[in-house]
Amino acid sequence: MSATLSFTAPTAHGPQDITLTYARVGAGEPLLLLHGIGHHRQAWDPVVDILATERDVIAVDLPGFGESPALPSGLPHDLPTTSAVLGAFCAALGLDRPHVAGNSLGGLLALELGRENLVRSVTALSPAGFWTQAERRYAFGVLTGMRRTARSLPLPLVERLSRTAVGRTVLTSTIYARPGRRSPGAVVAETLALARSEGFTETLRAGRSVLFADDVPGIPVTVAWGSRDRLLVPRQGPRAKSTIPRARLVRLPGCGHVPMNDDPALVARVVLDGSRAQEASAARTSFSTVAL
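Small disclaimer: the values here were computed from a predicted structure and weren't measured. As a convention, each chain's residues are numbered from 1 in the sequence order in which they are written. Side-chain atom pairs in this predicted model are given and counted only at pLDDT of 80 or more, local residue features only at pLDDT of at least 70, and totals for whole chains, interfaces and linings cover all residues. Note: side-chain values were computed over all heavy atoms of the structure, leaving out hydrogens and water.

Student: Teacher, can you tell me more about the overall build of the protein chain here?
Tutor: Elements are defined by DSSP. Helices are runs of H or I of four residues or more, strands are runs of E of two residues or more, and each kind is numbered from the N terminus. Within the protein chain one finds 11 helices and 8 strands. To get the radius of gyration, use the C-alpha atoms; to get the globule rule, take the number of residues to the power 0.38 and multiply by 2.2 Å. For 292 residues, the compact-globule estimate of 2.2 N^0.38 gives 19 Å, and the protein chain sits close to it at 18 Å. Only protein chains enter the accessibility calculation, which uses a 1.4 Å probe; a residue is then buried when its area is under 20% of its type maximum, exposed when over 50%, and partly exposed in between. Burial analysis of the protein chain (292 residues in total) assigns 53% to the buried set. Note on areas: Shrake-Rupley with a 1.4 Å probe; residue coverage comes only from the protein chains shown. Carbon and sulfur atoms provide 55% of the accessible area of the protein chain, an area that totals close to 12,400 Å². In this charge count, Lys and Arg are treated as positive and Asp and Glu as negative; neither His nor the chain ends contribute. By convention, charge coordinates are those of NZ in Lys, CZ in Arg, CG in Asp, or CD in Glu. For the protein chain, the separation between the mean place of its 31 positive charges and that of its 24 negative charges on side chains is 8 Å.

Shown next as structure tokens:
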């Protein structure tokens, strides 16, 4: 069940009224889930029930994607603005430094929230921002082509393609290593989400100059990369590890760019282990304080 939240976010252009749509389930420490460009919160559906056994899971549609409207006119869909919006969203929900997991654009945003010390732990799945310029141009070209295709396909054709494994491969093999596992309904919904996302063009434009070059000190960070990622190639993972030396770098065998559907059990374990690292660190700190 989705919900809509309206709140005021501080931005470089002054306070702005924002509305975001999200779904919330489970109990425990809060865990915020962030999807990639052109996607929607349902990208996390394959792992949500597993995560919800230990966490209060909040999956949000980023501004201009899914059911969330674009940012107000004149407000850029860039990293600082979207991070400020997410920080204000968490505050409006009463979330005190949640854990955060993100994929692609969502992974980049998760790392930025970690850099700003707004979260307890970060798990970034194939995060954007660790590319060379050639790799960025390739990825943006692929994304632009996917968007153009999604907008050009009549809905009856998308529905017909989604009913077969071959058709689902045609529609989603760029982001999934095992597209046949995606349900027909999910494939139709995410194709429509890509075609209709109001924030796609502005977000892609803002990403042209993005490089994540800062460490994320003081909190546990996990960076995980699918071995069959065809969009942001796996060699970007070691670059992320070099930038964030204390990060745990995890390989996701057989997974593509959006690994949650390719191997839900593995991805859920990686996310939960990443958040448990914060709990273990807090326990060690508490023990050290008592010992002193």
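Following the structure, the description resumes.
Student: Explain the side chain of Ser-162 to me, please; I cannot follow it from the model alone.
Tutor: Within the secondary structure, Ser-162 is located in helix H5 (residues 155-162). A relative accessible area of 2% places Ser-162 in the buried class. We define a polar contact as two N or O atoms separated by no more than 3.5 Å, with the added condition that, inside protein, one atom must be a possible hydrogen donor and the other a possible acceptor, whereas residues neighbouring each other in sequence contribute only through side-chain atom pairs. For Ser-162, the side chain forms a polar contact with the main-chain oxygen of Glu-159, separated by 2.7 Å. Those residues in contact with Ser-162 that sit more than four places away from it in its chain are Arg-168, Leu-171, Pro-184, Val-187 and Val-188. Throughout, a contact is declared for two residues whenever any of their heavy atoms are within 4.5 Å.

Student: Could you clarify how one ought to interpret the layout of surface pockets in this entry?
Tutor: Approximately 370 Å³ is the volume found for the largest pocket. Considering the residues around the largest pocket, the lining is formed by 23 residues, among which Met-146, Leu-171, Ile-175, Glu-190 and Leu-194 are closest to the centre. Among the secondary structure elements, those contributing two or more residues to the lining of the largest pocket are helix H4 (133-152), helix H6 (165-172) and helix H7 (184-196). The biggest single contributor to the lining of the largest pocket is H4, with 4 residues. Under the scheme applied, nonpolar residues are Ala, Val, Leu, Ile, Met, Phe, Trp, Tyr, Cys and Pro; charged residues are Asp, Glu, Lys and Arg; polar residues are all the others, including Gly. When the residues that make up the lining of the largest pocket are grouped by side-chain class, the tally is 12 nonpolar, 10 polar and 1 charged. A cavity, in this analysis, means grid points on a 1 Å lattice covering only the protein atoms where a 1.4 Å probe fits yet has no way out; a pocket is instead an open set bounded by protein on both sides within 12 Å along at least five of seven lines, and a residue lines either one if it has an atom within 4 Å of a point. Grid points are joined across faces, edges and corners, and a volume is the space filled by probe spheres set on the points.

Student: Is there a simple way to think about the pattern of salt bridges in this case?
Tutor: Close approach of charged atoms allows side chains of opposite charge to pair. Any Lys or Arg side-chain nitrogen found within 4 Å of a carboxyl oxygen on Asp or Glu counts as a salt bridge. One pass over the structure, following the stated rule, counts 13 salt bridges. Between Arg-41 and Glu-67 there is a salt bridge, and its shortest N-O distance comes to 2.9 Å. One end of the pair, Arg-41, is in the loop between strand S3 (29-34) and helix H1 (45-51); the other, Glu-67, is in the loop between strand S4 (55-60) and helix H2 (79-93), with 26 residues separating them in the sequence. Residue Arg-41 is classed as buried on the basis of its relative accessible area of 8%. When the shortest N-O distance is used, the salt bridge between Arg-205 and Glu-202 registers 2.5 Å. Of this pair, Arg-205 and Glu-202 are both found in helix H8 (residues 200-206), 3 residues apart, which corresponds to roughly one turn of the helix. Several salt bridges share partner residues, and in doing so they unite Arg-41, Asp-61 and Glu-67 into one network.

Student: In this structure, what is going on with the pairing of strand S8 (residues 248-252)? I would like to understand it.
Tutor: Regular strands have side chains that alternate between both faces of the sheet. Paired strands are those between which DSSP finds at least two bridges. Inspection of the sheet shows strand S7 (residues 221-226) paired to S8 by 5 bridges, in the parallel sense. Paired with Val-223 across the bridge in S8 is Leu-249. Crossovers are described as right-handed under a simple rule: with the strands pointing away from the observer, the path leading from the first strand over the helix to the second runs clockwise. Each parallel crossover has a hand, and the one from S7 via helix H9 (residues 236-243) to S8 is right-handed.

Student: Whenever I open this one, the environment of Pro-76 confuses me. Can you help?
Tutor: Its location among the elements puts Pro-76 in the loop between S4 and H2. Taking relative accessible area as the criterion, Pro-76 reaches 26% and is therefore assigned partly exposed. Separated by 145 residues in sequence, Pro-76 and Val-221 place their C-alpha atoms 27 Å apart. Excluding residues within four positions of it along the chain, Pro-76 makes contact with His-13, Leu-71 and Thr-81.

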